[in-house]
Structure formats: C-alpha cells, structure tokens
Amino acid sequence: MPGDSDLEIEEAFRRAQKAHNNKAKLVASLKNRYNKLEDKTEFHEEFVRCLKYAMIIYTREPAVENVIDFVTRFAASFETPVNENPDEEEEEEDENEFLNFLLNFLLESHGANSHAVRFRACQLVNKLLGSLSENAQIDDDLWDRIHEAMLIRVTDKYPNVRIQAALAMSRLQDPSNVDCPTIKAYMLLLENDSNPEVRRAVLSCIAPSATTLSKIYKRTRDVKEKVRKLAYQVLAEKVHIRALSIAQRVSLLHEGLSDSADSVKEVVKTHLLPAWLRMQQGDVLQLLHRLDVENCAETAVTTLQAIFSMATSPDDLQNGVRALCEFVKNKGNEGEELLERLLPETAIFAEYLYSYLKSITQLSEEQRADMTQLEMVMTQEFIGQQLILLVGCLDTSEEGGRKRMVAVLQEILLMPNTPTSLIGLLVEKLIGILRDDAQKIQMVAEIISDVREPILPISEPVDENEKRRKQVKLAEVRVQIMEAKQTLEECISCQDFSRAAELKDSISQLEELKNQLVLEASQSADNIKEQRVEKSDAKTLLKCLTMCAELFKQMNIKRGICPTMNALIESLILPGVSNPNPAVRNMAVICLGTAALHSKDLANTHLVLLLQITQLDEPKIRISALRALVDQLLLNGLNILQDKPAPVSQDDSNEQPEHQAEEESTVQSILKMLSDFLDSEICELRTETAEGLAKLMYCGRILSPKLLSRLVLLWYNPVTEDDQRLRHCLGVFLQLYARASRTNQECVEESFLPTMRTLFNAPVTSPLSEVDTSNVAELFVELTRPSALVQPAAVQAVSVHDSLAVRVCNEILRDTSAPEVRLYCKTLSWLEINTEPGPANSDLQLLLKDILQEVKDKHSIRIIEKLCNQLNGDRCSKSAGNQDTTLQNLDDHNGGGTSYESFSWFVCKKASTAKNGKKAELSSDESDEENVPEEPPSVRPSRRAKMAAIDKTKQDLTALMNQEANSS
C-alpha cells in the first residue's frame, strides 16, 4: 500500500483520539479512501494494526474509548439498506465486506489470553451490533459464530468481559423460543453471577417473557441496591401489570416502598407506581382492585400514601378516603382545612358507623361453608375495619361529639353480632378517645362485665297443684256464667224482669271473678325477673379476653396493676388459660403475658406457668407463650427471679445459697429450653425462638458465644433455606450486633472456633456438611473488623482480629495435619492484624514460627511466610518487587489465541510507569490484574468494600504508534 494511504489511516486514528474532532468527517474521509481502492487487503491489515493498539489497553481511557467509537461508526457506515432487488445483492455484499472482515477479526480475537483484548473484542461486537439498523442483514454463518463466541465470553473470568458479551447478545435473543441459548445464559447469569454489574447488564437487555419474568422479579430482592433499583425500572418500563400475579404486585409494592435504600423507594414511587397508574388510565381505585387490599391493607395504605406524596395540588387527592385522611392528618395544621372537607362531624359519623356495623350479616356454621357468603361477610368486616380506623382521624375535641362516639363504641362492643376481628380495634379507638386512665380501665371493665354477665329475663318456677286448682276454679266460673246467661234469657222470654235483674248482677260478679282468675293465671305464667347470667361459651370468652388484652396493651406499664385489672386477671384470664378451647386458651396466654409486663410480682408468680405452656400446648399457643417469655426477659432481664422474695426460714444461712442455686438453675433451664427450640421441627416455633434470642442478645440481656454460634449455624443450615423470615432476621441481626460494640465483636470472636468445629465435624448425612466453610470464615472476619464498629473504640493495644489470630494459630497447632489447616491459614491472611511492635505482635510471631515448623502444606506455608513478613514490616518492599514482576510478565501469557508479540514494548512501558510510582489499582467491580499473585503480600482488603482507585491517566496512542513505526 502506498505511504499516503498508511498515513491516512494513522492520521484518522490519531485524530479520532481527540474528543473535539468531528468523527463523521473522519469516517467520510476514510471511507472515501477505502472506496477508491481496488485491493482492500492492505487497507484491512493496516486498519487492524492501528486498532490493536487500542485493544490491548484494558482501562477505560478517554482516548481509547474515542477510538472504539470511531471504529464502530466507520464499520457501521458500510451497512446498506435492505433491497429486494436481486440484481443489487452483489453490490451489497461488496459494501458489507469491511463489516464482515472486522467482525471476523473480532471473533478470532475473543479467545485471546489477554483479558484486555477479550474485553475490547466483546465491546466492539456489542457496539457494532447496536449501531446496525433493525432490518440489517448479516450472513447466517457469521451470525451463528457471533452467537457462539458471546455465549463463551459470558462465562469469562473477568466481569467487564461478561458485561460486554451480555450486552452484545441482546439482539441475539429470541423470547418466543423456550430453548433459546441466550435466554438460558441470561437467566444463569442473573441467578449465579457474583458481580452486581453483570447482573445489572443482563437486566438492562433481557427481554421479559413468561420464562424470564420470574428471574427479573427475583432481582428486586438482590443484595445490591443498584440491581434492585434497575429491576424495578425494568418491571415499570417493560412489564404490564397484568403479567404479574396479585401476590407479586403486592410483594413488589410492600418490599419496594419499605426498602432500606432510599433510591429504591424513589424508583418505586416515580417509575413503578406511575406506570401502573397509566395502565389503569390514572384511576387509583382501579389500581387498588388489582391488589388484594383486604388481606394486605397496610401495603395498600402505604401505596396510597406514596401516590398522595407525589400529588401537586389538593385536587389530585381524590381516592382512598381512609388513607387520605391519615395522610392529611399527619400533615398537622397544614391539612386541617382539607380534613374538615373530607370527614363529617363526629356525631354524624358515629351514627353511620353504628348503623353499618349493626347490619353486618351473621352466618351459621352451615352458611360458612358457602364461600360466596363467607367472602361477602369478610368484605363487610373489612369495610367496617376501615370505618373504625377513620375514628382516629376525627376531631374529638368537641364534647358532644366525643360523648356520642364513646356511647356508640360502647353499644357496638355490647352487640352480640359484632365480629371478633373488630373487637381489638374498637377498644383501641375507645381508649384513645378517653383521657383519664382510671376512666379507661373502668369503662372497659364494665363492658367486659356486661358482655360476660348480661342482664337476662328469668322466669321463676310455678307450683303445679296451685296452677291446676286455679284452672279448675276458672272452668267452674265459666260454666256458672254460661248457665246464668241461659237462665237470664229464659227469664226475659217469660218477662220475669226482677229475676232477670238479679241474674244480671250475678253474671257481672262472675265475669269479674273470671277476669281475676285469668289475670292470676297469666301472671303465674309470665313470672319473669331480670338478673345477670354468666356466659361461658367460647365466643363470649374470646370477645372478653380480646378486650382485656387490648386494655393491657394500651395502658402504660409504669402504672402497675390496679384492683380492677387484678380482678380481671383472677376471674377471666387465669381460668381462660385452662379452657378446653384452643382459641380461648391462646388469647388468655396473650393476656397473661401482656399483664405480666405491668408487674414483676405477677411475672414471678406465673413465669413457671408460661414455661410449661411453651413446652406442652399446641404450637400456636406455645409460640404465644414464648413471645410473652421473651418480652418479659427483654423488659426485666434474666435476673427477674432475683426480684422474687426468698422464702422465710429460721436458718437464713442455709436457705439463701439454696435459693440462689434454684435461681441459677431456672435461668439455665430457660436458656437450654430456648436452645432446644432451635432444633424444633415446628418451623414457626424455631423462627420465633431465633428471633427472640436475637432480640435478647442485641439488647444485651444475653451474652453467649454458644448461642451465637447456634444462630450462625441455623442461618447457614440448608434446612432453613425456605424460611425467608428466619434468614432475613438473622442476616440483619448479625450485622447490627457485630457493629454495635467491641463486646459484641468479642462474643463473635469466641463463637468462631466452636462454629467451625461443628461444621468440620458434621457427618455426611447432616445438612451442615453442605455449608461452605470458607464463606462462614469470611463472615466472621467481616463481623469482627475494627472498622465495622458504629462507634470505633479508642485505640487499643490488642484488636479483636489480633485475638482471633492467636485463637486460630492455637487451633492450627492442635493438629497441623488436619484438612482444615489450609482454611485457617487463609483466614489469617484476611485479618487486619496490628503490625506495630509490641507484646501481642511478638507472641503472634512466635506462634507463626511454630506453625511454619509443624505445617507441611506448601500453600499454607506461603501464606504464613507472607504474614510473618507483614508483621516484620517488609510489606512495602515486598509489594514493589512483586508489582514489577507482575507487570513485566504480562506479555508471557499471550501465547494462545491471537498473537500480540509485537506490542510487548507497551507492557514494558507500563512496568516502567509502575516503577516510577504510578501504581494502578482495580476494583473488584472492574476487574483484577491478569497475573495477580495467588496470595498478595499486603493485607487482603475486604471483599465487599475494596477501594476503587483507578489511575485515570490520559493515554495517547500516537506516541506508541510512532515508536513502533520507528523501531521497525
């Protein structure tokens, strides 16, 4: 090729590096040169030679990125529109010659040993495919080769290569094909790729379908905030609400609006909710119909509040009255005027509430079998619940309206057809309206008394002989009246008027006597008196206990137990604990546990009863008793038994130690019981116990490395994989607990070895044998980092990691031939050990020297040697030497794939740059150096929080190309 053409290509690449140059003109000029050539081979070779300079640079240098964009534009300029005329097919093939050549070159380069070349090859393929029009045509064989190559590269070692390969395959996927290899590769990456940026890249280009929707939905629960955020954006922009099940819709809103990251909450508010509203033509009520508001009322309220928060004017607030009222009321004085427009007066609302709740249908047992009628009643109860919640938004400062509302709530609680599900809410609102504590207790107690012992009419027993005598006498009088009337008629017919007058008087007397006897008979039959009758059916007891539980819940525990409350405990709660009905028993246990929070004496008295219930009753009741026990321990601690008065005895010196031993024995039995519950086959009981222990440990009521080890093992146990509540609870607890204080970190440190021994000694049949011990060790290292504390303690001579290192060293020396020695040595390399001279440093070095003498494993020896060098202060010089060796040997690993021997000088230049002190560090999200030593000489940084300090030097490829040309 003539020299001018060489300069033309080099000049184009030289100018392309500068961002201010017009790349369209460069493309047009270079294409004009290309079209004039008859033999394109030399042009191709020279173009590729210049391109290789950019392809061997891994970092995202601006000059290199500009060159990549230029190459993409130039190659895409050869695309010709699709033409149906067969005579022009030959011309199109000539036009596509360069594009096909470049793609073939990239496909030959994608398997190079250098990760930089693989990255640039995939990047160019991605950009080229993305720049082609929708109806572009590529040879089928070439298309298949691109597909195969990118499928290989999505499994590359380096995340950036996988990202570009995944992006390149976006136009190669076929959502309608269940067996599409691209779709399968995407789903595999979403499920298993450890790099969050790769998962984000796949989310951005995967096509939603019946196959992929579940995988996209699952990414809304990703551990990384950016991945969750993008998953919600994809669902908002690409997925119709009808494609999601009701459970998925509710879950998306519930988890998204309660996410720990504000950015995720914001994207749900600003993207997902508006998108769903647009699909419903902006109708909020229609959106609520798409959700299961009856079973997920809290999620619906949160959703409405999110919608209201985005409203720009009061006119936009038109739907969801109850949630809107609560939202406006929380605004304080700003929302008073709007609240008055939304709600009626208190007295009027009270009458409406009474009339609606009174009309709720009562179903018999037979009718409850009909799902249609049952759903109707459930809907009525849900509406009633929303109306009761509106009571909290009413203005009860006006005395007349407040009194009427109190009277209505009392009447509703006394009604026999009031659903049990609404009782607690009604009591809560009633107590909230009343202002005096004594009045609250007295009124609820009176309602409970009226419900349990209502005033009923009762008839007294009647003497049957007396009743019979009166009936006979009444019959005689009636016969006499009939005879007298007959005689009277005869006298009148005979015109014996004097006799007729006497008979008439006699009949009148007999009528009076008859009426008196009839009245006496009716009075004896209706001899009914009103008196209180105690009801002991399960429905009545459950209703009374629910009111009692809500009363204890709403009252301040500092008030203590008053005589009225004590009477409720003795007459209602304690008998209910032994009731044969499980629902009554469960509510009685809840009442007892809540009442025990008001009085230590009451707690001491019934603590043993609660312990017995946790072990002997039905699962649901056991869980309620366990919650009561945990609440008691959280409030008063394990020393609650110490507040119990010791038994009076003549020989105090002998009785006191026995009493103390009894207390310690009870505490140990409680802890052992809780520990045993962690192995329970009842999932709910196991989860509740783990959550209770987590609360007790986080609040400082329990400090037990043994129990902490049990919780860690439970978290990792495959048996609990489907228990999301347990996994979430323990995952949050472990982070918060370890960060809270150094004392907690020391507890974590003490639990490390027992946990690891349990895992190492687990039999093959145990689920714990499947746990990744390396991951567990890394967790303990992360939890005990001094930098992880919320409030780092003052500088101390010995850190938690220093103590942990000594423990691990001693464990290694116990059996240096054990298979777990290698993992323990690896754990030592992860620790942030203090390298300052001191007794702790010296003791650790002695232990490490003993390990070097005893351990035979070469991998472990190398780790210990590097750790010794670190403690001796040789880290800096060692690191510099290894860095030079690493950079100088980069070109030794380019033997396979495409050859780049002619560019080895560039690697040497990088090495000299490193010698001059310009050291480049790459974050884990970007990539790792290709020839990183197996164990770095410096302290290994956190895998989850590596420092990203990429040296953004502006490389200029011109000098490199000139140097290559001169040397040749």
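Calculation notes
Residues numbered from 1 in each chain as written. Predicted model: local features only at pLDDT ≥ 70, side-chain atom pairs only at ≥ 80, totals over all residues. Heavy atoms only, no water. UniProt positions renumbered as here; feature names shortened; annotations may be inferred. Helix = DSSP H or I, 4+ residues; strand = E, 2+ residues; numbered from the N terminus. Buried < 20%, exposed > 50% of the residue type's maximum accessible area, 1.4 Å probe, protein only. Contact = heavy atoms within 4.5 Å. Areas by Shrake-Rupley, 256 points an atom, 1.4 Å probe, with all protein chains shown as cover. Phe/Tyr/Trp six-rings, centres within 6.5 Å; stacked < 30°, edge-to-face > 60°. Lys NZ or Arg CZ within 6 Å of the ring centre and 35° of its normal. Salt bridge = Lys/Arg side-chain N within 4 Å of Asp/Glu carboxyl O. Expected span 1.5 Å × (residues − 1). Axes fitted to C-alpha atoms, helices over the stretch in contact; angles between N-to-C directions. Parallel < 35°, antiparallel > 145°, perpendicular 65-115°, else oblique. Left-handed = near helix turned anticlockwise from the far one by under 90°. Nonpolar A, V, L, I, M, F, W, Y, C, P; charged D, E, K, R; others polar. pLDDT = per-residue confidence, 0-100.

- Per an unreviewed UniProt entry, the protein chain carries the name Non-SMC condensin I complex, subunit G and comes from Cyprinus carpio carpio.
- Taken verbatim from the UniProt record of the protein chain, the Sequence similarities (unreviewed entry) comment is "Belongs to the CND3 (condensin subunit 3) family."
- Per its UniProt entry, the protein chain bears the Subcellular location (unreviewed entry) comment "Chromosome".

### As for the overall build of the protein chain
Thinking step 1. Counting its regular elements, the protein chain contains 45 helices and 2 strands.
Thinking step 2. Burial status across the protein chain gives 46% buried among its 968 residues.
Thinking step 3. Taking the contacts inside the protein chain whose residues are at least 6 apart along the sequence as the reference set, 72% of them involve residues at least 24 apart.
Thinking step 4. Split by element, the accessible area of the protein chain, about 50,000 Å² in all, is 48% carbon and sulfur.

### Notes on the packing of aromatic side chains
Thinking step 1. Applying the stated criterion across every chain, the model contains 21 aromatic pairs.
Thinking step 2. Their ring planes at 45° and their centres at 6.4 Å tell us that Phe98 and Phe101 sit as a pair that is tilted. With Phe98 and Phe101 both in helix H6 (residues 97-109) and 3 residues apart, the pair spans about one turn of that helix.
Thinking step 3. In this structure Phe101 comes out as partly exposed when scored by relative accessible area, which is 24%.
Thinking step 4. Ring geometry for Trp715 against Tyr716: centres 5.4 Å apart, planes inclined by 70°, an arrangement best described as edge-to-face.
Thinking step 5. Of the residues examined, Trp715 reaches a relative accessible area of 21% and is grouped as partly exposed.
Thinking step 6. Using a relative accessible area of 18% as the deciding quantity, one classes Tyr716 as buried.
Thinking step 7. Taken together, Phe13, Tyr34, Phe43, Phe47, Phe70, Phe74, Phe78, Phe98 and Phe101 form an aromatic cluster joined through their ring pairs.
Thinking step 8. Cation over ring: Lys31 sits above Phe78, and NZ or CZ is 5.3 Å from the ring centre.
Thinking step 9. The aromatic ring of Tyr34 is capped on one face by Lys40, whose charged end is 5.2 Å from the ring centroid.

### A short note on the pattern of salt bridges
Thinking step 1. One pass over the structure, following the stated rule, counts 42 salt bridges.
Thinking step 2. A salt bridge links Glu46 to Arg49, with the shortest nitrogen-to-oxygen separation between them at 2.7 Å. Of this pair, Glu46 and Arg49 both sit in helix H3 (residues 41-55), separated by 3 residues, roughly a single helical turn.
Thinking step 3. According to the relative accessible area criterion, Arg49 is partly exposed, its value standing at 23%.
Thinking step 4. Where Glu811 meets Arg814, a salt bridge forms, and the shortest distance between an N and an O atom there is 3.2 Å. Separated by 3 residues within a single helix, Glu811 and Arg814 lie in helix H39 (residues 800-814), roughly one turn from each other.
Thinking step 5. Via salt bridges that share partners, Glu10, Glu11, Arg14, Arg15, Glu46 and Arg49 belong to a single interconnected network.

### Examining helix H10 (residues 181-192)
Thinking step 1. End to end, H10 covers 16 Å across 12 residues, agreeing with the expected 16 Å (1.5 Å per residue, within 8%).
Thinking step 2. Looking at H10, one finds that the buried residues are Thr182, Ile183, Ala185, Tyr186, Met187, Leu189 and Leu190.

### Considering the packing of helix H24 (residues 423-433) against helix H28 (residues 538-554)
Thinking step 1. Taken N-terminus to C-terminus, the directions of H24 and H28 make an angle of 40°; their axes are 9 Å apart at the nearest point. By the criterion of interaxial angle, the relationship of H24 to H28 is oblique. Both H24 and H28 take part in a crossing whose hand is right-handed. Mapping the contact onto sequence places Ile423, Gly424, Val427, Glu428 and Ile431 in H24 and Lys543, Thr546, Met547, Glu550, Leu551 and Gln554 in H28.
Thinking step 2. In the contact of H24 with H28, the residues fall into 5 nonpolar, 3 polar and 3 charged.

### A word on the confidence of the model for the protein chain
Thinking step 1. Averaged over every residue, the pLDDT of the protein chain is 80; residues scoring 70 or more account for 82%.
Thinking step 2. Taken together, the stretch residues 1-7 has pLDDT below 50 and engages in 6 contacts with residues farther than four places along the chain or on a different chain.
Thinking step 3. The model gives residues 645-653 a pLDDT under 50, and that stretch makes 5 contacts with residues more than four places away or in other chains.

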